[in-house]
Amino acid sequence: MTGFLDLSAPNTAAEYARYVDGDILGKLIVRNFLINRIKLPAKSIFTPVGRYGDAAVKYANADTVAHDPGDGHVDLPTGRLTFEIKLARINIANRSRGGADENWAFVNLKHSPGKATKSYQLLIAVGLSTLGLEDERYWTHLRQLDTQLRAQGLQSRLDALPHEEEYLNRCSFFLIPRTSLTYNYFRVNLTAVDKSAYASFLARGTDPAACRQQWANAVTACNEA
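Residues numbered from 1 in each chain as written. Predicted model: local features only at pLDDT ≥ 70, side-chain atom pairs only at ≥ 80, totals over all residues. Heavy atoms only, no water.

**Some points on the nonpolar core**
- Core analysis: the largest hydrophobic core is formed by 30 residues, its most contacted members being Ile-29, Leu-34, Val-74, Leu-122, Ile-124, Phe-173 and Trp-215.
- Of all the secondary-structure elements, those providing two or more residues to this core are helix H2 (22-36), strand E2 (72-76), strand E3 (79-92), strand E5 (122-131), strand E6 (171-177) and helix H5 (208-224).
- Ignoring any residue separated from it by four or fewer positions in sequence, one finds Leu-34 in contact with Lys-39, Leu-40, Ile-45, Val-74, Phe-83 and Trp-215.
- Of all hydrophobic cores here, the second largest spans 27 residues; its members include Ala-9, Leu-123, Tyr-138 and Leu-142. (Core = buried A, V, L, I, M, F, W, Y, C linked by side-chain atoms within 4.5 Å. Buried < 20%, exposed > 50% of the residue type's maximum accessible area, 1.4 Å probe, protein only. Helix = DSSP H or I, 4+ residues; strand = E, 2+ residues; numbered from the N terminus. Contact = heavy atoms within 4.5 Å.)

So, in structure tokens, the structure goes:
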């Protein structure tokens, strides 16, 4: 069985999942993460489907709200926590000059390209361990990742979908309070993730306990801000 347009894909489900828009993909993954790693009840998580945030907030309150407060929120015993989602697939830095370093790059973190300040509390930056859409090695790379995950005793399927728990094993999560962001962007070299400026905020999807601990740390920091 293959994909429909992409004959290298294992099936059409995997083919479709590859081409999901990054903004929507990020929301799918984060909702999955909050339910299956953090163990929050689904009814406490609000992630509007609109690509540019919650239109009901943005437009209904245009005179009083300078900027949509984020990509979603969760209702916790301590109150409402608003979050911004950023998703990065692997990109190759300086590819045109022969570069081979794999990176995650996250942009527009503190303000939009138009300089509108963002007012959310927590950044959830998702590093996805698959190559970018432009890379012809996508399926070969994904099969290698699948083999590695299985060798570690972790669940993995080539056609896992973003809402399914095993998809989280492809992901890493930086849970960073907005007050801890220094610049409007950051880039992480995948060979030196643990040495990055935001390594202390990192939890890998393969480690549920670390995900829950980092979430607890982030919630405490946001509440204290």
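Let us keep going from here.
**A few points about unusual backbone geometry**
- Positive phi is not limited to glycine here, since Lys-39 has a value of about 65 degrees.
- Turning to its location among the elements, Lys-39 is positioned in the loop between H2 and strand E1 (45-46).
- The backbone phi angle of Asn-108 is positive, close to 55 degrees, even though this residue is not glycine.
- By the secondary structure assignment, Asn-108 is in the loop between strand E4 (102-106) and E5.
- Overall, the relative accessible area of 23% leaves Asn-108 in the partly exposed class.

**Some words on the layout of surface pockets**
- Approximately 390 Å³ is the volume found for the second largest pocket.
- Ser-129, Leu-145, Gln-148, Leu-190 and Arg-204 are, among the 17 residues lining the second largest pocket, the residues nearest its centre.
- When contributions to the lining of the second largest pocket are tallied by element, the ones reaching two or more residues are helix H4 (138-151) and E6.
- The biggest single contributor to the lining of the second largest pocket is H4, with 5 residues.
- Looking at side-chain class alone, the lining of the second largest pocket contains 7 nonpolar, 8 polar and 2 charged residues. (1 Å grid on protein atoms, 1.4 Å probe; cavity = no way out; pocket = protein on both sides within 12 Å on 5 of 7 lines; lining within 4 Å. Points joined across faces, edges and corners; volume = space filled by probe spheres on them. Nonpolar A, V, L, I, M, F, W, Y, C, P; charged D, E, K, R; others polar.)

**With respect to the pattern of salt bridges**
- A full pass over the atoms with the stated rule returns 11 salt bridges.
- A salt bridge links Arg-18 to Asp-6, with the nearest nitrogen and oxygen atoms 3.3 Å apart. With Arg-18 in helix H1 (residues 12-18) and Asp-6 in the segment before H1, this residue pair connects regions lying 12 residues apart in the sequence. As far as the burial class goes, Arg-18 and Asp-6 line up, both buried.
- The salt bridge partner of Asp-159 is Arg-157, with a shortest N-O separation of 3.1 Å.
- Taken together, the shared-partner salt bridges in this structure form one network comprising Arg-157, Asp-159, Glu-164 and Glu-166. (Salt bridge = Lys/Arg side-chain N within 4 Å of Asp/Glu carboxyl O.)

**Considerations on H4**
- Spanning 14 residues, H4 covers 20 Å between terminal C-alpha atoms, matching the ideal 20 Å at 1.5 Å per step.
- Tyr-138, Trp-139, His-141, Leu-142, Leu-145, Asp-146 and Leu-149 are the residues of H4 that are buried. Down the axis, H4 shows its buried residues gathered within 155 degrees of arc, on one side only. Turned more than 90 degrees off the buried face of H4, the exposed positions are Thr-147 and Ala-151.
- At the C-terminal side of H4, Gly-153 shows a positive phi close to 80 degrees. (Expected span 1.5 Å × (residues − 1). Arc of directions from axis to C-beta.)

**Examining empty space enclosed by the protein**
- Evaluated as defined, the whole model comprises 1 cavity of 30 Å³ or more.
- Looking at the largest cavity, its volume works out to about 40 Å³.
- Surrounding the largest cavity, Ala-14, Ala-17, Arg-18, Tyr-138, Trp-139, Leu-142, Leu-158, Ala-160, Tyr-167 and Arg-170 form its lining.
- Its residues assigned to classes, the lining of the largest cavity shows 8 nonpolar, no polar and 2 charged.

**Overview of the confidence of the model for the protein**
- On average, the protein scores 89 in pLDDT, and the residues at 70 or more come to 88%.
- In the model of the protein, helix H3 (residues 55-60) stands out as the element of lowest mean pLDDT, 51, in contrast to E6, which has the highest, 98.
- Counted against residues more than four places away or in other chains, residues 59-67, with its pLDDT under 50, gives 6 contacts. (pLDDT = per-residue confidence, 0-100.)

**As for the packing of aromatic side chains**
- Counted according to the given criterion, the structure contains 8 aromatic pairs.
- When the centroid spacing of 5.5 Å and the interplanar angle of 75 degrees are considered together, the rings of Phe-174 and Phe-186 count as edge-to-face. Here Phe-174 is found in strand E6, whereas its partner Phe-186 is found in strand E7 (residues 186-189), with 12 residues between them in sequence. Considered together, Phe-174 and Phe-186 belong to a single accessibility category, that of buried residues.
- With 6.2 Å between their ring centres and 50 degrees between their planes, Tyr-198 and Phe-201 make a pair best called tilted.
- Judged by relative accessible area, which is 7%, Tyr-198 ranks as buried.
- Taken together, Trp-104, Phe-106, Phe-174, Phe-186, Tyr-198 and Phe-201 form an aromatic cluster joined through their ring pairs.
- The ring of Tyr-138 has Arg-18 sitting right over it, with the charged end atom 4.2 Å from the ring centre. (Phe/Tyr/Trp six-rings, centres within 6.5 Å; stacked < 30°, edge-to-face > 60°. Lys NZ or Arg CZ within 6 Å of the ring centre and 35° of its normal.)

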